[in-house]
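Chain by chain, the residues run as shown.
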Amino acid sequence: MSQSAEVAADFKDALQDLKQNSRPEISNLTLIAKENTEYAQAISRELENHIRTTRPEWKLPALYVLDSIVKNVGTPYTVYLGRDLYRTFMNAYTLMDPGTRKAMEGLLKTWKQPVPESMDTRPVFSPEVTQDIENALIKFRTIANQGMPQKPPMQHNIPGRPMPNVPWRSTPTPPQNAGRYAAANDPRIRQPVPQAAPYGQYPPSSTPPVQSQPHAPFYPPQPKPIDVEGLKTSLSAVITSTQKEWAHTPGDQALPNKLNALFGLQQILNTQTLPPDQLQQVAKQIQNMSPPAPPAPPAPPAPFPPSTTVLPVSAPFPPSSVPPPFPNSSTPVDLAQLFAHARPPVPPVPTPTPPSIPPSLAEMLQRFSSGASSSAPPVSVSPFYSPPFSAAPPPVSVPAPPTPVAAPPINPAADLARILGQFSKPAAAPPAMPPQPAPLVHLPFQGSSTPAPAIDTQWLSNLLKTVPSVATQPTPISSQPMSRQVSANANNPNYVELTTASIKQPRPHLISKLYDAYPNICATCGRRFESTQEGRERKARHMDWHFKVKDPDVAKRGIHRSWYISEKEWIEYREVDEASPEQVAKAASGIATAPKKVAKDKYIHVPTDTALVNAPCPICQEKFEPQWHVEANDFVWMDAVKINSKIYHATCWEEYSRGSSLAAPSTPDSVLGKRKAEDNPGSGKKVRAY
Amino acid sequence: MVSLPGLHLTATALEPANPAETTQTRSQDLLPCSEYRFEVPFTRSLTIRLLSGTAEFFGTELAPSSTYAFTGTKGAVYTWRGCRLEIGGLAESEYTSEETQMSSYANAHFALEGLRDRSMQTGEPGPRVLVVGPENAGKTSVVRILTAYAVKSGRQPVVVNLDPRQGMLSVPGSFTAAAFSSIVDVEDGWGSSPISGPSPIPVKMPLVYHYGLASAEDGATFKPLVTRMALAVTSRLEEDVPSRQAGFIIDTPGSVSQGKGGDYDHIDHIISEFSVSVLFVLGSERLYSDLSRKYSSRSHDEAVAVIRLDKSGGCVDRDEAYMKQLRQAQIRAYFFGHGDHTLAPHSHMADYDELNIFRVFDPASDPNAAFRPGNDDDDIFGTSTTIYEKVKPSTMIQNSLLAITMASANEPQEVIRDTSIQGYIYVADVDDVKKKVRLLSPQPGQTPSNALILGSFPEDLPGLVS
């Protein structure tokens, strides 16, 4: 018991340090929990206590730890944590600010579903547990709603979104619209940063090439003069806060860059007069960079459904639906384009597409795993599925209309959770939203905190580069995305000619292709991922893989070097990327076709015990043939099971045990722990009680 | 072993070997585009942790929350954008330098990326890269950087090591090829070949041939093995689309670049067998001029782009003592694993007549072999029957390393030569009286009856099992 107390104390210590959403920290905590399942009760108690007692702003990260543990480790934590989940959750919920509540509702939503990409179809927590909370939440919201006007001024409640009075906020675009568009262009598409602006507030420029068109039917935008002074003030506020941030986290390499960019921007603002639409852009960006909402929670290391959200909504639409009614006037376009790089490329263009019901999560997941996108309704998987790793960032798609919007009006307060849930579905059609949900909604799904500033920086430096020359560069709208694609022509600054002279020229700008193109770094091994939807999924799978290989039993098992494979095997061998979706696809198809292990597909690793190695199957007296098993990365005996320290042919044993009316010794499917997709059927060694 | 904050289980705490050194850490700031170069002997350990910024070790980025421990390494941590490192332990020598060749190496990578993109569009094979240069010019470092960058860019290049002096994913004396789809290990050279358990860094699946001699100029088996390797790699690339697009990168021993009177026989052979399209020449002006004269004039179809890369100032001469320790460390790692990831090899006895040992003719030790006719002739090597000499186990083989081929002992010698190997066993003990040998094998089980190749390189390693 003393050891239990010790582990619990260590866990508590680690929890104390968790003051923001740091994915590595949460991963570590999950790992601790995973490696100490025997002390699950003590750890669960610590976690509950911590969530109850810690300061409100630190509760959410702790809840993410809880979430990560139940999804990645599963039982027995689900049992211990489930017991008191209602209290834990509601206590925290009542103390939270509305923004964080959203995130919590998002969590709750995922708890009602199976672990993403898991073979287990049961929800994370049993429905009784979640239903109680759900009921309480409905009650809570009803009460809260009664005291509030129809449109609660949510944005004022969001911490860290200051300056609500700054002029550009008062664009005529009504908030109702805002929410809607925000949904259509889920900001997570390309930017995991919470500061993405709702699209309804997309700066109405004087010559709006793209975005004003869509607004037209609803709310014609009116250019508003920008208060440059106010802008400067807020810019310095941003700078100050960034400096503070830097002082606190000197380790964040992106911050100095960001600061530099900010100073550059300040310089420009002080020295140049920018056209109003550019000011709008700048203003918006600054506003978004203002100290963000509550500490952004990292994605739980498990594959999480929300991450599937970020599909470029644009692609399926025929280009013809993009109305290019405006001549490509020079000024606004560039900035708009730039803007598009930093954030979802899709300007809000309502199209006559019929409203679509958001497909269910399961459907979407399946669609993902099968890779089939053709049947997908209006919004579907697309550009991301082309070369997944091309050196350039995924093509910024041609501005195309986003998804339809004609969703029925919904009582904004009553159904937040549902709406939230829709966000967490891939390519969900945007429902009508209460004002301002977007920046909040994607909070829980943000990756580690580092990528965020990186993007800012990139955007800003892009902006800085372009601003002075903007007037002289009439870039056609479509050319921008094109130039982002890699093409080996000499005009392309990315092209390096293969000659000794050319190789010697320094090209510092290219280095960003190694770093900023993949802003999402794995803290454990340094592998980088794109900040796209797909990148996040890959990273989630990658993190799962890290968990998987952290095997506490390794030392006991006596691992050894495997034999090298033969020429023929090597030629036919294909590398397995732990982050590639194929594994999931395999697992998914495995579920479909073979829910139970077929006896002859069972295998065990060739035993290390010499007595066993040479022992034949006690039933048929035949010897076992070792063969290479790619998935297990080892030589295995196929069609073998180990029963009471003897090894039998699985088929022999099955026959035998059936004959003697014994229960067939089927290896239990994920009793504990391992609830991950990679846990394919057919991998006997992975079934192990933690 | 990843350190878990809060549990106080840092990697440094786990190294009782030199606690006095590792308990003290210092921080080291690096300016953008500079590198921290260090040499750590095999007897010590140096830990590096990235505190802020970004940094890379031969192209592989250091993870922000991991502590890396280096032993017996001469390496450099480079930063493009500045960083702060936390360094623990004592290096033999260490300094920072702002004069590096990283910019041109990165350009080389981006030039290759252009070719890879073109390959994706056209379907033609990706860049086929050969890196040549004198000893200690940094060839392997460049290959590692190019590989790491390619992997980082989402490619899956095949890396071919033809340098017997140091093994890649295997022991020295071997030739290996492996496709890299996952990050290159930082602490452990190229990483690890598959083991029976999980590995914290994805393992790489190598194809291994045994050469068994120290230098490419020695012996008659270099060229046939290059041919064989080229065949295997080319076949793999036929079908493996990601690898075909990424192409391959060949690392070579310095000895092929010495040339005799401007004649670079082995380089020619490698270029023609692998259809090399890009040739990076490191360091040597003369080599560059000789090779570019020779290959730049070729017709368009088989044109080879010859590019000169400067030798990095960080390259240090590795003396024979260090190389020997490096070889021993690699052999040790093959059986016992690296660092915290220990492996459990198996020891068992075998009768003399169970072993079919073929010894590689080493012209260096066998003066008669040098006079064999047709030794240098391409056409002859296929028909020669005296590649190996069958030897009976004796105390001579004690402490040596035997390569287990995939061929049976009855096969012709050419077949044995051309076959890839399954692994290595180490002769721990020879009992001439009982006619038995004690073998150390990475895996349990019987000693295979396959042909075993005994090379003169790597040299005997006494006391691997003690």
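Residues numbered from 1 in each chain as written. Chains lettered and ligands numbered in written order. Predicted model: local features only at pLDDT ≥ 70, side-chain atom pairs only at ≥ 80, totals over all residues. Heavy atoms only, no water.

A. Representation of the sheet that holds strand β3 (residues 46-53) of chain B within the structure. Residues and elements named next belong to chain B. Strands sit in the order β1-β8-β3-β6 across an open sheet of four strands; the sheet is antiparallel. The two strands at the open ends of the sheet, each matched to only one other strand, are β1 (25-30) and β6 (67-70). Put simply, the sheet's adjacent strands are angled 30 degrees from each other on average, direction ignored. Bridging between β3 and strand β8 (residues 83-88) involves six bridges; their strand directions are antiparallel. If you follow Gly53 over to β8, its bridge partner there is Cys83. (Pairing = 2+ DSSP bridges. Helix = DSSP H or I, 4+ residues; strand = E, 2+ residues; numbered from the N terminus. Axes fitted to C-alpha atoms, helices over the stretch in contact; angles between N-to-C directions.)

B. Inspection of the packing of aromatic side chains at higher detail. Overall, the coordinates contain 20 aromatic pairs over all chains when judged by the stated rule. When the ring of Trp111(A) is compared with that of Phe125(A), the centres are 5.3 Å apart and the planes differ by 85 degrees; the resulting orientation is edge-to-face. Of the two residues, Trp111(A) is situated in helix α7 (residues 98-111) and Phe125(A) in the loop between α7 and α8 (127-146); the sequence distance between them amounts to 14 residues. With 4.9 Å between their ring centres and 85 degrees between their planes, Tyr334(B) and Phe335(B) make a pair best called edge-to-face. By relative accessible area, Tyr334(B) is classed as buried at 2%. With a relative accessible area of 0%, Phe335(B) lands in the buried category. Connected via pairs of aromatic rings, a cluster forms that spans Tyr564(A), Tyr334(B), Phe335(B), Tyr424(B) and Tyr426(B). (Phe/Tyr/Trp six-rings, centres within 6.5 Å; stacked < 30°, edge-to-face > 60°. Buried < 20%, exposed > 50% of the residue type's maximum accessible area, 1.4 Å probe, protein only.)

C. Local environment of the pattern of salt bridges. Inspection of every chain in the model, using the stated rule, returns 35 salt bridges over all chains. Between Arg84(B) and Asp29(B) there is a salt bridge, with the nearest N and O atoms lying 2.8 Å from each other. Taken together, the positions of Arg84(B) in strand β8 and Asp29(B) in strand β1 put the pair 55 residues apart, joining distant regions of the chain. Its relative accessible area of 35% is what places Arg84(B) among the partly exposed residues. Connected through salt bridges with shared partners, the residues Lys504(A), Glu285(B), Arg308(B) and Asp310(B) form a single ionic network. (Salt bridge = Lys/Arg side-chain N within 4 Å of Asp/Glu carboxyl O.)

D. Fine view of the pairing of strand β24 (residues 436-441) of chain B. All names here are of chain B. Of the strand pairs in this sheet, strand β19 (residues 346-351) and β24 are connected by six bridges, and their pairing is antiparallel. Of the residues in β24, the one forming a bridge with Ala350 is Val437. Both strand β23 (residues 421-431) and β24 contribute to a ladder of five bridges, which runs antiparallel. For Val427, the partnering residue across the bridge sits in β24 and is Leu439. Between the antiparallel neighbours β23 and β24 lie four residues, among them Lys435 with a positive phi of about 55 degrees.

E. Broad picture of the packing of helix α3 (residues 40-53) of chain A against helix α6 (residues 85-95) of chain A. Residues and elements named next belong to chain A. One can describe the packing of α3 onto α6 by two numbers: an axis separation of 9 Å at closest approach and a directional angle of 20 degrees. It follows that α3 is roughly parallel to α6 by the angle criterion. Here α3 runs over α6; the crossing is left-handed. Contacts between α3 and α6 involve Glu48, Ile51 and Arg52 from the former and Arg87, Thr88, Asn91 and Ala92 from the latter. (Parallel < 35°, antiparallel > 145°, perpendicular 65-115°, else oblique. Left-handed = near helix turned anticlockwise from the far one by under 90°. Contact = heavy atoms within 4.5 Å.)

F. Local environment of the interface of chain A and chain B. Taken together, the contact pairs 74 residues of chain A with 100 residues of chain B. Regarding the contact of chain A and chain B, the summed buried area is about 7400 Å², with carbon and sulfur atoms giving 60% of it. Viewed at the interface, chain B and chain A are joined by six salt bridges. The salt bridge partner of Arg81(B) is Asp516(A), with a shortest N-O separation of 3.0 Å. Linking chain A to chain B there are 27 residue pairs in polar contact (both at pLDDT 80 or more). Residues belonging to the side of chain A that touches chain B are distributed by class as follows: 37 nonpolar, 18 polar and 19 charged. (Buried area = accessible area lost by both parts, 1.4 Å probe. Polar contact = N/O pair within 3.5 Å; in protein donor to acceptor, adjacent residues only side chain to side chain. Nonpolar A, V, L, I, M, F, W, Y, C, P; charged D, E, K, R; others polar.)

G. Focus on the packing of α3(A) against helix α4 (residues 56-72) of chain A. All names here are of chain A. Viewed as axis vectors pointing N to C, α3 and α4 meet at an angle of 155 degrees, and their least axial separation amounts to 8 Å. As judged from the angle between their axes, α3 and α4 are roughly antiparallel. The handedness of the crossing between α3 and α4 is left-handed. Where α3 approaches α4, its residues Leu47, His50, Ile51, Arg52 and Thr53 are matched on the opposing element by Lys59, Ala62, Leu63, Val65, Leu66 and Ile69. By residue class, the composition of the contact of α3 with α4 is seven nonpolar, two polar and two charged.

H. Molecular detail of the nonpolar core. Residue and element names in this part refer to chain B. In terms of nonpolar packing, the biggest core is built from 98 residues, with Val233, Ile267, Phe274, Leu279, Leu291 and Tyr424 touching the most fellow members. Here the element with the most residues in this core is helix α4 (residues 222-239); it accounts for eight residues. Excluding residues that lie within four positions of it along the chain, Leu279 makes contacts with Leu130, Val132, Ile271, Leu291, Tyr295, Val304, Ala305, Val306 and Ile307. By size, the runner-up hydrophobic cluster in this structure holds 60 residues, among which are Ile87, Val142, Tyr149 and Val184. (Core = buried A, V, L, I, M, F, W, Y, C linked by side-chain atoms within 4.5 Å.)

I. Broad picture of the UniProt feature "binding site: ATP" (unreviewed entry) in chain B. Residue and element names in this part refer to chain B. Per the UniProt record, "binding site: ATP" (unreviewed entry) is annotated on Glu35, Lys74, Asn136, Ala137, Gly138, Lys139, Thr140 and Ser141. Tracing the backbone shows Ala137 in the loop between β10 (128-132) and α3 (139-152). In contact with Ala137, not counting residues within four places along its chain, are Leu282, Lys311 and Cys315. Residue position: Thr140 is located in helix α3. Once residues within four sequence positions are removed from consideration, Thr140 is found in contact with Gln166, Trp190 and Asp251. (UniProt positions renumbered as here; feature names shortened; annotations may be inferred.)

J. Local environment of the side chain of Thr500(A). If you trace the backbone, Thr500(A) turns up in helix α21 (residues 500-504). A residue is classified by how much of its surface remains accessible, and Thr500(A), at 16% relative accessible area, is buried. A polar contact is formed between the side chain of Thr500(A) and the side chain of Tyr288(B), at a distance of 3.2 Å. Separated by 3.0 Å, the side chain of Thr500(A) and the backbone nitrogen of Arg308(B) make a polar contact. Once you skip the residues sitting within four places of it in the chain, Thr500(A) turns out to touch Tyr288(B), Val306(B), Ile307(B) and Arg308(B).

K. Quick peek at the pairing of strand β13 (residues 206-210) of chain B. Residue and element names in this part refer to chain B. The element β13 is extensively covered by neighbouring structure, given that five of its five residues are classed as buried. Here β13 shows two buried faces, one formed by Pro206, Val208 and His210 and the other by Leu207 and Tyr209. When strand β12 (residues 174-179) meets β13, the two strands line up antiparallel, connected through five bridges. Note on β13: the bridge partner recorded for Ser174 is His210.

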